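Below, each chain spelled out in residue letters.
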2 protein chains.
Amino acid sequence: MGGVAVTDRKEFRDLASPAEAHDVVASLDVAPEPETVPLEECRGRVLAERVDAAIDVPGFDRASMDGYAVRARDTFGASERDPVVLPLTGVVHAGEEPAVDVSEGECVEISTGAVMPDGADAVVPVERTAEREEGDAIAFEAAVAPGDSVMAAGADVAAGERALGPGTELTPREIGLLSALGVDAVPVKGIPTVGVISTGDELVRPGGDLDHRAGQIHDVNSYAIAAAIEEAGGETVLYPHAGDDYEEMERQLRAAADECDLVLTSGSTSASAVDIVYRVVEERGELLLHGVAIKPGKPMLVGRLADAAYVGLPGYPVSALTIFRTFVAPAIRDAAGKPEPERATVEGRMATDERYGRGRTRLVPVGLVADETGDLVVYPVDKGSGATTSLVEADGVVEMDADTDYFAAGASVTVELFSPDVRPPSVLCIGEDDPAFARALDGVRNPRYLAEGTRSGFRRLRDGLPDVVVASGPGAPSEETTTLASWTREWGLVVPEGNPDGIEGLDDLLDADLTFVNRTTASGLRATLDAALDETDGGSERIRGYERTVRAHESPARRVRAGDADVGLGLRASAAKLDLGFVPLGEERVRVLANPERVAKAGVGELERALDGIAGVVTDLPGYDA
Amino acid sequence: MGGVAVTDRKEFRDLASPAEAHDVVASLDVAPEPETVPLEECRGRVLAERVDAAIDVPGFDRASMDGYAVRARDTFGASERDPVVLPLTGVVHAGEEPAVDVSEGECVEISTGAVMPDGADAVVPVERTAEREEGDAIAFEAAVAPGDSVMAAGADVAAGERALGPGTELTPREIGLLSALGVDAVPVKGIPTVGVISTGDELVRPGGDLDHRAGQIHDVNSYAIAAAIEEAGGETVLYPHAGDDYEEMERQLRAAADECDLVLTSGSTSASAVDIVYRVVEERGELLLHGVAIKPGKPMLVGRLADAAYVGLPGYPVSALTIFRTFVAPAIRDAAGKPEPERATVEGRMATDERYGRGRTRLVPVGLVADETGDLVVYPVDKGSGATTSLVEADGVVEMDADTDYFAAGASVTVELFSPDVRPPSVLCIGEDDPAFARALDGVRNPRYLAEGTRSGFRRLRDGLPDVVVASGPGAPSEETTTLASWTREWGLVVPEGNPDGIEGLDDLLDADLTFVNRTTASGLRATLDAALDETDGGSERIRGYERTVRAHESPARRVRAGDADVGLGLRASAAKLDLGFVPLGEERVRVLANPERVAKAGVGELERALDGIAGVVTDLPGYDA
């Protein structure tokens, strides 16, 4: 029996504090050597050293208007009534060497940007002149002073001046200045190379087929962490998936240590993978930290591996990304010379009371919604640490002290956004999972739709959370709402193609040798079924599998298609989509209900306009009627 | 005579309003077709269509803790005092198919992530168990309910659910979710291809040598606009520099129209280049707008060129980038599906009265500095529209209505930042151009140093603008200041190598056949010279070229090196750097003076620490003494 793997595991004792973990990661040097890149590739890079101007800009006295180059004193006293007339002796265009000087009492036509001819000290703009004698002379209607409409050599930038300092991030503006200085190769900080090694026999890279029976899942961390590395200013090297083949993992760790400035593993905090990391790190480097007192992310490893830094991230995606963002991203940004993102925190108030265990600092993933005044309402997103939907349903984290166990509803909290670009959803919709509504949302920018069921929508509405509740079934909210739209959908029993069991209605399920699969109690469709069953004799207790519930609108139908059940609760639209049989039991109304205080929100308005087109959305959803 | 080019030019009559210009540019469709990209390349891209989940995540009932899979009812009544002991009949690891079922009264060891074996409906975490009988049986010290520590199939994402909507920007979080769904190719909006054509005979790409006599300057717009296009979410195609070769320009316009979604020209608003654009646009498309009532940027062109959109930008870099940012970037972002950057405006108060001409909307480039309370002080940066330093010395623009001509000092204004990432400088230093100070700034993150001369520093200090003034020469500020550091620098006359004219002092310049080159009157070094000249007989009026002034500390020495002058005012350090001769005339003290109200600013503190190391900075600056 295999009890050993469970009981002999290394324990994460003597956890480091988050502050210690920050310090240890900061002590790792992950900065590569500076490099020189062509000007056209330097956007977003960071100057490694000061750039002083090597040339004057402009390099010559330059006309800054179209007009006539003159000796300023020759125009003194000129006015519209009493113009000074000077013979025109030549022309200088931009980009050519003047072929003529300006002597006393003469003028030369000149274009913007052209070299001032010798002798001239000012330009009279063409607007203040008139031609005379078929263009052979010019009448000047205003006096100018020496230097007028001339940019002197070096007036913009003088050779020897400090132009840009080390640490400057190169945006189009700095690139413009470097261009003006003639710089075509720019000394910049290197981009840290970060190796990503994913482990775990159960992981399959996206695109590959999963064997569910064997417990396979897609590898989430590799691409998500790779993208997060690039967002922080690093370059990712993605190593081939190592599975739990320890020789392969060891080979990759050694290769990554040679090729990268920083090596990350994820999911390798399981006991036996830790053994490999231990062995390689102890052989070729040192382990500096093993475990940090933070949740999620306790099993974090930090060390050195030959010349590279090493961090072991937790396996769960939300934990891995949170730990990456909290501890690793700052080190990458620092190495790349990128400043910490600013304004990445917002204040909000908790929607509900929340209670947590004490003892470790917690980074609680939260979602945000703006109320009618624009203030932010904060709600925890806790779908279990293995859930990937938390990734996109949360906007940031609230840090809870190790000795805090309670946030009261209405308490003010600081939310560290996942990035400064994160914005609260334009409209937060909670309720029934409905495919027509899901499609209508395509017309709304940045909506959020938590399809947790009608009952959950009503409950959260009492907490003041959603802008909009999507409801179906017999239930009604206890709060007043404004109906934005409604439509009907045909519901019934989804059965295999051809209805092999000849089911005609609910009565055929009672005491039958048929396996049923139901929706969860939060679902409005489930409530519709329950109401129908109240009219049968004995009802739900006589249906085998009645208590077996699955979450989303299509889930029961998919169980039927997979042969896991004989009958499922569902929609005609789902049966049609999955080529299954359907036994209609009725129509139920789907209602989109807004919190009346929030109807003025731009996102609610946008949703309302999108719902105006619901008739077009439902045309290819059989059983729908707008 | 060439008066024709000036007088026959096309006039920009009937200027469009800025709002009309926005509408016309928005009406151009620059969005390319959507495309499908591999998951590992989709960061920062924008979904072109909704992604619904095609699979359940997880695809099976999954243990979410390390422990033992049981039938929950077998643990009912268990406690630490009175544990339930069950025989251990097998083990299931993550990534393998269970080889064993769980029958009544049995348990199976299970790892986090493993498939729940048939028969089991809950997991008891290992922490709540103890081993018995050499691992052949497990004592359960707590009861669990069905479903405890199990993530049901589809609990995270159910097949058929809406996962991500069109228009979603793909960050590491969305990439994580797509990975979980097994998506390895992502339908995203196309990246608009933007062609950049630069014209003008006088332009030389950075890296090339300039012929100053012929009025050549470096091409600033091509790389700056290219970078701005990429910042907005487009891809740049940089066409070879067309000069003013009209056939070449026409060929490139036609090629770009075929190859790009949008074609930009810059500097092509000169009369004859406009003719070419007119001809090509009229032949193959249409001109929609010619001139917009905004300053800078009036000569903007908008049209269609075959299937591509066309915008002609002004030639001056600040104007070109401002017009790009104001009118063109929004169209590119929209085509790429990128949201408008948020929080890109800040409020501040004007440092000084500012008066402008009426009649056109003005976008006035401004710099920012935080005062002691963190409030922002705003000052115009107006170095002439041809100046490239305005690019980096300004932080944003203030829009002035066409009928406003005056901002009073202290007036509140809204500054549209050049990008949301722009931050005010950590410390704003104005004053004398000094190479030691310029080097010391390398130790400060995000400083700004306007080397406009000591007198300008004092004047601006009266306006409450700089945090720090760099001063040299006999002058003193009228305000109280706190001295952060000071050092001396040797000054004198810079002469050609070997001092061919045998100059020994100022007296040798008086009435001599020598050309002198001076510093501007704002310079403290110039004031030091003037004080010395007061002790000569007749002084400045007897020096030929005394009125000929250049701007920066090294500028006179460079004129001497170029053979443009026989003697220049300068520093021993400059003479040594440029291998020139030097006639010492004295030492002057450079003082770094802080506004006492601003000494608590973080940037001032950082500067003070950097100045502590000034002795190390000046060791290789001859004539300096810290």
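Residues numbered from 1 in each chain as written. Chains lettered and ligands numbered in written order. Predicted model: local features only at pLDDT ≥ 70, side-chain atom pairs only at ≥ 80, totals over all residues. Heavy atoms only, no water.

## Topic: the packing of aromatic side chains
All names here are of chain B. Quick reminder of the rule: A pair of Phe, Tyr and Trp rings is counted when the ring centres sit within 6.5 Å of each other, with Trp represented by its six-membered ring. The angle between the planes then sorts it: under 30 degrees is stacked, over 60 is edge-to-face, the rest tilted. Helix and strand assignments follow DSSP, with helices taken as H or I runs no shorter than four residues and strands as E runs no shorter than two, numbered in order from the N terminus. Under the scheme applied here, a residue whose accessible area is under 20% of the maximum for its type counts as buried, over 50% as exposed, and between as partly exposed, the area being computed with a 1.4 Å probe on protein chains only.
Tallied over the entire structure, the rule returns four aromatic pairs over all chains. A centroid spacing of 6.0 Å and a plane angle of 90° characterise the contact between Tyr 68 and Phe 140, whose relative ring orientation is edge-to-face. Of this pair, Tyr 68 sits in strand 4 (residues 67-70) while Phe 140 sits in strand 9 (residues 137-140), and the two are 72 residues apart along the sequence. The residues Tyr 68 and Phe 140 share a single accessibility class, namely buried. Seen from their ring centres, Phe 437 and Tyr 449 are 4.9 Å apart, and the 70° between their planes marks the pair as edge-to-face. Highlighted residues: Phe 437 in helix 9 (residues 435-440) and Tyr 449 in strand 30 (residues 447-450), separated in sequence by twelve residues.

## Some words on the relation of the copies chain A and chain B
Short version of the rule: In this comparison the copies share one frame, found by least squares on the C-alpha atoms of residues holding pLDDT of at least 70 in both. Here, two residues are considered to be in contact whenever any of their heavy atoms come within 4.5 Å of each other.
Between the two copies, chain A and chain B, the superposition gives an RMSD of 0.1 Å; the rotation angle is 180° and the shift along the axis is 0.0 Å. The two molecules are tied by a two-fold rotation axis, judged by turn and shift. Residue by residue, 100% of the interface of chain A is reproduced at the interface of chain B, so both copies engage with the same surface.

## Remarks on the pattern of salt bridges
Rules: Salt bridges are counted wherever a side-chain nitrogen of Lys or Arg sits within 4 Å of a carboxyl oxygen of Asp or Glu.
A full pass over the atoms with the stated rule returns 62 salt bridges over all chains. Asp 219 of chain B is the partner of Arg 205 of chain B in a salt bridge, and the nearest nitrogen-oxygen pair spans 3.2 Å. Of this pair, Arg 205 of chain B sits in the loop between strand 14 (203-204) and strand 15 (217-218) while Asp 219 of chain B sits in the loop between strand 15 and helix 4 (221-231), and the two are 14 residues apart along the sequence. The class for Asp 219 of chain B is buried, based on a relative accessible area of 2%. The salt bridge involving Arg 489 of chain B is made with Glu 588 of chain B; its shortest N-O contact spans 2.8 Å. Of the two residues, Arg 489 of chain B sits in strand 32 (residues 482-495) while Glu 588 of chain B sits in strand 36 (residues 581-594), which places them 99 residues apart along the sequence. Here the two residues Arg 489 of chain B and Glu 588 of chain B agree in accessibility, since each one is buried. Members of the salt-bridge network, linked through shared partners, are Arg 50, Asp 52 and Arg 162 of chain A together with Asp 442 of chain B.

## So, the domain arrangement of chain A
Inclusion rule: How far each domain reaches was decided by an automatic or database domain assignment.
Segmentation of chain A into domains returns domain 1 (3-30 + 192-336), domain 2 (35-57 + 156-188), domain 3 (62-151), domain 4 (345-422) and domain 5 (429-625). Each of domain 1 of chain A and domain 5 of chain A has a C-alpha centre, and these two points are 41 Å apart.

## Some thoughts on the packing of helix 2 (residues 18-27) of chain A against helix 7 (residues 317-336) of chain A
Residues and elements named next belong to chain A. Rules: Throughout, an axis means a line fitted to C-alpha atoms (over the contacting stretch in the case of helices), and angles, computed between N-to-C directions, take values from 0 to 180 degrees. Here roughly perpendicular refers to angles of 65 to 115 degrees, roughly parallel to angles under 35, roughly antiparallel to angles over 145, and oblique to all remaining angles. Two helices that cross are described as forming a left-handed crossing if the nearer one is turned anticlockwise from the farther one by less than a right angle, and a right-handed crossing if clockwise. Any residue that is not Ala, Val, Leu, Ile, Met, Phe, Trp, Tyr, Cys, Pro, Asp, Glu, Lys or Arg is counted as polar, Gly included; the first ten are nonpolar and the last four charged.
Where helix 2 meets helix 7, the axes come as close as 9 Å, and the angle between the chain directions of the two elements is 25°. With respect to their mutual orientation, helix 2 and helix 7 come out roughly parallel. Considering only the axes of helix 2 and helix 7, their crossing is right-handed. Of helix 7, the residues touching helix 2 (which contributes Pro 18, Ala 21, His 22 and Val 25) are Thr 326, Phe 327 and Ala 331. Considering only residue class, the contact of helix 2 with helix 7 consists of five nonpolar, two polar and no charged.

## Thoughts on the environment of Gly 586 of chain B
All names here are of chain B. Within the secondary structure, Gly 586 is located in strand 36. Here Gly 586 falls in the partly exposed class, since its relative accessible area comes to 22%. In sequence terms Gly 586 and Ala 531 are 55 residues apart; their C-alpha atoms lie 12 Å from each other. Leave out the neighbours within four places in its chain, and Gly 586 touches Arg 489, Glu 490 and Trp 491.

## Description of the pairing of strand 21 (residues 308-313) of chain A
Residue and element names in this part refer to chain A. The cut-off we apply is this: Two strands are said to pair when DSSP picks up at least two bridges between them.
Most of strand 21 sits inside the fold, with six of its six residues counted as buried. Going residue by residue along strand 21, you find Ala 308, Tyr 310 and Gly 312 tucked away on one face and Ala 309, Val 311 and Leu 313 tucked away on the opposite face as well. In this structure, strand 17 (residues 262-266) lies alongside strand 21, joined through five bridges in parallel fashion. Each bridged residue has a counterpart across the sheet, and for Leu 262 the counterpart in strand 21 is Ala 309. In the sheet, strand 20 (residues 301-305) pairs with strand 21 via five bridges, with the strands oriented antiparallel. If you follow Leu 301 over to strand 21, its bridge partner there is Gly 312.

## A few points about helix 2 of chain A
Turn by turn, an α-helix covers 3.6 residues, leaving residues three or four places apart pointing in a common direction. Residues and elements named next belong to chain A. Our working definition: What the arc measures is the spread of directions leading from the helix axis to the C-beta atoms.
Those residues of helix 2 that sit buried are Pro 18, Ala 21, Val 24 and Val 25. Projection of helix 2 onto a plane perpendicular to its axis shows the buried side chains occupying an angular sector of 120°, all on one side. Opposite the buried face of helix 2, at more than 90 degrees from it, the exposed residues are Asp 23 and Ala 26. Packed against the buried residues of helix 2 are strand 18 (285-290), strand 19 (294-295), strand 20, helix 7 and strand 24 (361-370).

## Remarks on unusual backbone geometry
Residues and elements named next belong to chain A. The residue after Val 57, namely Pro 58, is reached through a cis peptide bond having omega -10°. Within the chain, Ser 149 stands out as a residue other than glycine whose phi angle is a positive 55°. Following the sequence through the fold, Ser 149 ends up in the loop between strand 9 (137-140) and strand 10 (150-151). Here Asp 511, not a glycine, exhibits a phi torsion of approximately 55°, which is positive. Within the secondary structure layout, Asp 511 lies in the loop between strand 32 (482-495) and strand 33 (516-519).

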